[in-house]
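Listed here are the chains, written in short residue letters.
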Amino acid sequence: LLLAGWMKIAPFHFQIDPKPGESFTRYQPDYLISLLNQFQFIVTALLVFFLARKIFDSSVAWLSLLLMLGTDLLWRFSASGQSTMLLLLLLVLLVWALVSLDAAINDAATGAGKIVGLSLGIGLLLGAGLLTRYAYGVVVLPVLGYLILFGGRWKYHTIAAVLVAFVAVSAPWVARNLQVCGMPFGTATYAPVETSLFFPQHRL
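Residues numbered from 1 in each chain as written. Predicted model: local features only at pLDDT ≥ 70, side-chain atom pairs only at ≥ 80, totals over all residues. Heavy atoms only, no water.

Q: Any chance you could explain the packing of aromatic side chains here in plain terms?
A: Each aromatic ring pair is summarised here by two numbers: the centre-to-centre distance and the angle between the ring planes. Following the criterion strictly, the structure yields six aromatic pairs and no others. For the ring pair Phe 12 and Phe 14, a centre distance of 5.9 Å and an interplane angle of 35 degrees mean the geometry is tilted. Exposure remark for Phe 12: the relative accessible area of 11% places this residue in the buried category. Between Phe 49 and Phe 50, the aromatic rings sit 5.2 Å apart at their centres with planes inclined by 80 degrees, giving edge-to-face as the arrangement. The exposure class of Phe 49 is buried, given its relative accessible area of 8%. Each residue in the set Phe 49, Phe 50 and Trp 62 is aromatic and connected to the rest through ring pairs, giving one cluster. (Phe/Tyr/Trp six-rings, centres within 6.5 Å; stacked < 30°, edge-to-face > 60°. Buried < 20%, exposed > 50% of the residue type's maximum accessible area, 1.4 Å probe, protein only.)

Here it is, written out as structure tokens:
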């Protein structure tokens, strides 16, 4: 969906049509997609910097930023059309939301509206992550465990809000998959047993 929106906004030219006398150097759609992913990477790195400074101190924040920007593997993913950078951004936003929720829970002056609002945001981020990559859906389990342990008097409110938002975001797509092929996540539903003892190699 993000790439589709980017293709609507940016002038994508899918034809390779060099001018007379010019040689083909790069495919324009690939270049624009890389720009989008690298923008997400820079935003994620900045969020990590401010999050580390908020939780720890400035030295940890600068080290975190330098480690991210100095990781060759992340730059390789940022130059691809894969969803890795978007998923990384959603994960950092999720951690930020959990930190904010923890601060709100420990503040006696915080009202129910802010607590529920942050919890709904966490559920939306979890649902968006699931729709980006199915395996990300398991992150909902440690998040719920965190809320059970540290939710305090707001424990049931936060868990309910997270689950409602998570289901509201992911249910339409799961229902669509069930209607199309009868499996909630399509062929990816079989991934946990792929290459196992019962289904070796690429047989299923």
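Q: What am I meant to see in the side chain of Gln 40 here?
A: Position of Gln 40 among the secondary structure elements: in helix H2 (residues 28-55). According to the relative accessible area criterion, Gln 40 is buried, its value standing at 5%. A distance of 3.0 Å separates a polar atom in the side chain of Gln 40 from a polar atom in the side chain of Asn 37. Leaving out residues up to four positions away in the same chain, Gln 40 has contacts with Leu 2, Met 85, Leu 86 and Leu 89. (Helix = DSSP H or I, 4+ residues; strand = E, 2+ residues; numbered from the N terminus. Polar contact = N/O pair within 3.5 Å; in protein donor to acceptor, adjacent residues only side chain to side chain. Contact = heavy atoms within 4.5 Å.)

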